[in-house]
Amino acid sequence: MKKLLVSMLLLGSFMVSAQKNIYEHKNFDRLSQDHKILAIIPFLTNLDLKHDMSKSDLEQLKEKEGYAVQNALETYFSKRKSKKKFSVEFQNTKNTNAILAQNNITYEDIDVYTVKQLSEILGVDGIISGNMDLNILLSNGVPTESSFMDYFLGDSNYGRIGIKISDGNTGKLLWKYEKKINKKTGKNTYDLIDRMMKLATRKFPYDREKKKGKNKNKD
C-alpha cells in the first residue's frame, strides 16, 4: 500500500512539473494546419564533465549525446505512430542526417542555419530540435547508487533538456518542453525521452487525443 501511495505521489508530481514546463504558441493551430512531416535533428549538447579530456574528445562526446536523443525521439514517435497517435509523419532520421551531410551541414555547424533553411533543405514542414546541458554521459546511463530519499526528492541533478518544435515556413517556435534530468527521469537516454514524452502526451500538439479535446471544447 505504501509503495502504491508513493508511486501515485511521484506520478502526480511528474505530471504537474510537465504542465509547468510546456509552452505552446497561441496560434499553433493556424501555423501548423498544413504540417504533414517533421524532421528530428541532432540535439545541441553542452557537457560539463568532472574529468579532464581533450577538446576533440569532448566534441565527439557532445555529438554522441546529441545523436542519442535524436534516435530516442524517433523510437518514441515510431512506437506511438504505429498506433496512429499522431496527425503528422516524422522523417526517418537516417534520411535527415544523410540530406544534411549531402549539403555539407555537420553537427558542429547545424546551429548556424535557420529553421526555415533547414526545413527547405530537408523538405519538411517543421523541425524538432533541442538543447541539453549535462554533467554525465546520459547515453551511458545515470549512476544507479541512490537512497530511497534521493529518488523521492529528486536529488543528484544531472542537467537539463529542452525539446522544441518550430514552424518551417515562418521559423516561429511553436512548442517547447523543458525538464531537469535526475534519478527520477530515467536511467538512460531512451528511458528519459520515453518518460518525458509520456508525461507530455496530452500536451503534445500533434497528438490526436489532444486535438479531439480541443474540438470538443469548441463545440
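The structure under discussion appears in the preceding block.
Residues numbered from 1 in each chain as written. Predicted model: local features only at pLDDT ≥ 70, side-chain atom pairs only at ≥ 80, totals over all residues. Heavy atoms only, no water.

J.: Please explain the pattern of salt bridges as it appears in this structure.
T.: Pairing is possible between side chains that carry opposite charge, provided their charged atoms lie close to one another. Per the counting criterion, the structure on display carries five salt bridges. Between R160 and E178 there is a salt bridge, with its nearest N and O atoms 3.9 Å apart. Of this pair, R160 sits in strand β6 (residues 159-167) while E178 sits in strand β7 (residues 173-181); the two residues are 18 residues apart in sequence, bridging distant segments of the chain. Between E178 and K176 there is a salt bridge whose closest N-O contact spans 3.3 Å. Overall, K176 belongs to the partly exposed group, its relative accessible area being 28%. Three or more residues joined by partner-sharing salt bridges are found here, namely R160, K176 and E178. (Salt bridge = Lys/Arg side-chain N within 4 Å of Asp/Glu carboxyl O. Helix = DSSP H or I, 4+ residues; strand = E, 2+ residues; numbered from the N terminus. Buried < 20%, exposed > 50% of the residue type's maximum accessible area, 1.4 Å probe, protein only.)

J.: Got a minute to help me understand the packing of aromatic side chains in this structure?
T.: Each aromatic ring pair is specified by the distance between its two centres and by the angle formed by the two planes. In total, this model carries eleven aromatic pairs according to the counting rule given. For the pair F77 and F204, a centre-to-centre distance of 5.5 Å together with 35° between the ring planes defines the contact as tilted. Placement of the pair is F77 in helix α3 (residues 55-81) and F204 in the loop between α7 (189-200) and α8 (208-218), with a sequence separation of 127 residues. The exposure class assigned to F204 is buried, which follows from its relative accessible area of 3%. When the ring of W175 is compared with that of F204, the centres are 5.3 Å apart and the planes differ by 85°; the resulting orientation is edge-to-face. Residue W175 is located in strand β7, and its partner F204 is located in the loop between α7 and α8; the two are separated by 29 residues in the primary sequence. The exposure classification of W175 matches that of F204, with both residues buried. Here a set of aromatic residues connected by ring pairs shows up, and it is made of F28, Y76, F77, F86, F90, W175, Y177, F204 and Y206. (Phe/Tyr/Trp six-rings, centres within 6.5 Å; stacked < 30°, edge-to-face > 60°.)

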